[in-house]
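An overview of the molecular structure
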Amino acid sequence: MTEEARSQMELLAEALPLLKRYDDQTIVVKYGGHAMGETAAADRFGRDIALLEQVGVNPVVVHGGGPQINAMLKRLNVQSEFVNGLRVTDGNVVDVVEMVLSGTVNKQVADCITRAGAMAVGISGKDGGLIRAKKLTRTYIDPESNIEKVLDLGFVGEPEHVDPHVLELLIGAQIVPVVAPVGVGPDGQTYNINADTAAGAIAGALNASRLLMLTDVAGVLDETRTLIPEMSVAEARAGIAAGWISGGMIPKIETCIYAIEKGVKGAVIVDGRVPHAVLIELFTEGGAGTLIRP
């Protein structure tokens, strides 16, 4: 036996107990960032998700698509306004968002998984009443008057209710659901929803075993910029309060906490730039990011 073959057998032996741990368990993967931008990385992700399905795991993919939306807005010469660094999604912009997320990107992700050997079906949060959304409200302090004002972001929403029935039907038929983060309001209005937020809400509604948040950083770093492999919800909240968890990591942590409070057994912030990050996180003892647990 060659050294390479021996190494592969050792990896399989290490993975076996963990394969059993996730047998018939639902894993929600938020897919976006660096891994979506390159063909080779996208194909590798598709193979990893297909492998999960083939070894008895029930994966559900929720994807983003910010760079693709920006490219299409530019291509169509649709102007978008920014307020306090946040895009205002008016009627023209939300039409493009839905076209890109529910159309091009959604079908590309589903196709990558299907070509790798597992049947995947792309849907949006509007299909089957999956995500009922409400308008997202944000406030800010006016620097001139020092008065708190409401920031109107247009048709940007947040999940108000998630009905997982359509996902459960697909999972029961051994089909991998691929979800575009677009929801619908009570009046039929389409809302653009942050993919992290949508993934957390879907994971909670499915009572998932794990929520994996693929991102472009290694995970949660401590005050010395060292990766924290595992932390409790209480420790995560303390890090935010102390200020060493800051910036864009805060909403990701808050999504993980929300999912755990809804019944998810653990949420992991994973470096999606690492090849096979999903498999490494689930099927090796060391993992590939920061696990947040109850």
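Structure first, text after, so check above.
Here is a short report on the structure shown in this document.

Quick look at the overall build of the chain now. When helices and strands are counted, the chain shows nine helices and 16 strands. Relative to the globule expectation of 19 Å for 294 residues, the C-alpha radius of gyration of the chain, 19 Å, shows essentially globular dimensions. Referenced to the eigenvectors of the C-alpha coordinate spread, the extents of the chain come out at roughly 70 × 40 × 35 Å. Put simply, of all contacts in the chain between residues at least 6 apart along the chain, 73% involve residues at least 24 apart. A total accessible area of about 14,200 Å² is found for the chain, and carbon and sulfur atoms account for 52% of it.

Another aspect to go through is the environment of Lys265. Structurally, Lys265 can be placed in the loop between α8 (249-261) and β15 (267-271). Setting aside anything within four residues of it in sequence, one finds Lys265 in contact with Gln25, Asn207, Ala208, Ser209, Arg210 and Pro294.

Another aspect to go through is the layout of surface pockets. Quantified by volume, the largest pocket comes out at close to 1,300 Å³. Around the largest pocket, the lining comprises 41 residues; the ones closest to its centre are Ile193, Asn194, Ala195, Asp196 and Thr197. Listed by contribution, the elements that provide at least two residues to the lining of the largest pocket are α3 (66-75), β4 (86-88), α4 (91-115), β9 (156-162), β12 (190-193), α6 (195-206) and α8.

Okay, the sheet that holds strand β1 (residues 26-31) next. Spatial ordering of the open sheet is given by β5-β10-β2-β1-β13-β15-β16-β14, a layout of eight strands whose pairing is mixed. Each edge of the open sheet is held by one strand with a lone partner, namely β5 (120-124) and β14 (230-232). Sheet twist, expressed as the average angle between the axes of neighbouring strands with direction ignored, equals 20°. With five bridges joining them, β5 and strand β10 (residues 176-180) adopt parallel strand pairing.

This paragraph deals with the pattern of salt bridges. Using the criterion set out here, one finds ten salt bridges in the structure. Glu230 is paired through a salt bridge with Arg293; the nearest N and O atoms lie 2.6 Å apart. Of this pair, Glu230 sits in strand β14 while Arg293 is found in strand β16 (residues 289-293), placing the two residues 63 residues apart along the sequence. Since its relative accessible area comes to 30%, Arg293 is described here as partly exposed. A salt bridge links Arg237 to Glu261; the shortest N-O distance between them is 2.5 Å. One end of the pair, Arg237, is in helix α7 (residues 233-242); the other, Glu261, is in helix α8, and 24 residues separate them in sequence. Residue classification places Arg237 among the partly exposed positions, given a relative accessible area of 42%. Residue class for Glu261 comes out exposed when judged on its relative accessible area of 54%. A cluster of three or more residues bridged by salt bridges with shared partners is formed by Lys30, Asp196 and Lys252.

Counting residues in hydrophobic clusters, the biggest one holds 44 residues, and the most contacted among them are Ile113 and Leu212. Mapped onto this core, the elements with two or more residues apiece are β1, α2 (39-54), α3, α4, β10, β13 (210-215), β15 and α9 (277-283). The dominant element in this core, judged by the number of residues it contributes, is α4, at ten residues. If we ignore the near neighbours within four places in the chain, the residues touching Leu212 are Ile27, Val28, Val29, Lys30, Val268, Val270, Val278, Glu281 and Leu282. In terms of nonpolar packing, the next biggest core, distinct from the first, is built from 41 residues, Ala133, Ile171, Tyr191 and Ala259 among them.

The next subject is the side chain of Asp48. Position of Asp48 among the secondary structure elements: in helix α2. For the buried Asp48, which has no salt bridge, the nearest side chain bearing the opposite charge is Arg44, at an N-O separation of 5.7 Å. Discounting chain neighbours no more than four positions away, the residues touching Asp48 are His276 and Leu279.

Next up on the list: the packing of aromatic side chains. The description of an aromatic ring pair uses the distance of the two centres, along with the angle that the planes make with each other. On inspection of all chains with the given rule, the structure shows three aromatic pairs. For the ring pair Tyr22 and Phe283, a centre distance of 6.4 Å and an interplane angle of 65° mean the geometry is edge-to-face. Of this pair, Tyr22 sits in the loop between α1 (3-21) and β1 while Phe283 is found in helix α9, placing the two residues 261 residues apart along the sequence. Accessibility expressed as a relative area gives 8% for Phe283, which makes it buried.

As a further point, take the packing of α6 against α8. For the pair α6 and α8, interaxial distance at closest approach is 8 Å and the crossing angle is 15°. Taken together, the axes of α6 and α8 lie roughly parallel to each other. Handedness of the α6/α8 crossing: right-handed. Between α6 and α8, the contacting residues are Asp196, Thr197, Gly200, Ala201 and Gly204 on the first element and Lys252, Thr255, Tyr258 and Ala259 on the second. Looking at the contact of α6 with α8, its residues break down into three nonpolar, four polar and two charged.

What counts, and where the lines are drawn
- Residues numbered from 1 in each chain as written.
- Predicted model: local features only at pLDDT ≥ 70, side-chain atom pairs only at ≥ 80, totals over all residues.
- Heavy atoms only, no water.
- Helix = DSSP H or I, 4+ residues; strand = E, 2+ residues; numbered from the N terminus.
- Rg over C-alpha atoms; globule rule 2.2 N^0.38 Å.
- Contact = heavy atoms within 4.5 Å.
- Areas by Shrake-Rupley, 256 points an atom, 1.4 Å probe, with all protein chains shown as cover.
- 1 Å grid on protein atoms, 1.4 Å probe; cavity = no way out; pocket = protein on both sides within 12 Å on 5 of 7 lines; lining within 4 Å.
- Points joined across faces, edges and corners; volume = space filled by probe spheres on them.
- Pairing = 2+ DSSP bridges.
- Axes fitted to C-alpha atoms, helices over the stretch in contact; angles between N-to-C directions.
- Salt bridge = Lys/Arg side-chain N within 4 Å of Asp/Glu carboxyl O.
- Buried < 20%, exposed > 50% of the residue type's maximum accessible area, 1.4 Å probe, protein only.
- Core = buried A, V, L, I, M, F, W, Y, C linked by side-chain atoms within 4.5 Å.
- Lys, Arg positive; Asp, Glu negative; His and termini not counted.
- Phe/Tyr/Trp six-rings, centres within 6.5 Å; stacked < 30°, edge-to-face > 60°.
- Parallel < 35°, antiparallel > 145°, perpendicular 65-115°, else oblique.
- Left-handed = near helix turned anticlockwise from the far one by under 90°.
- Nonpolar A, V, L, I, M, F, W, Y, C, P; charged D, E, K, R; others polar.

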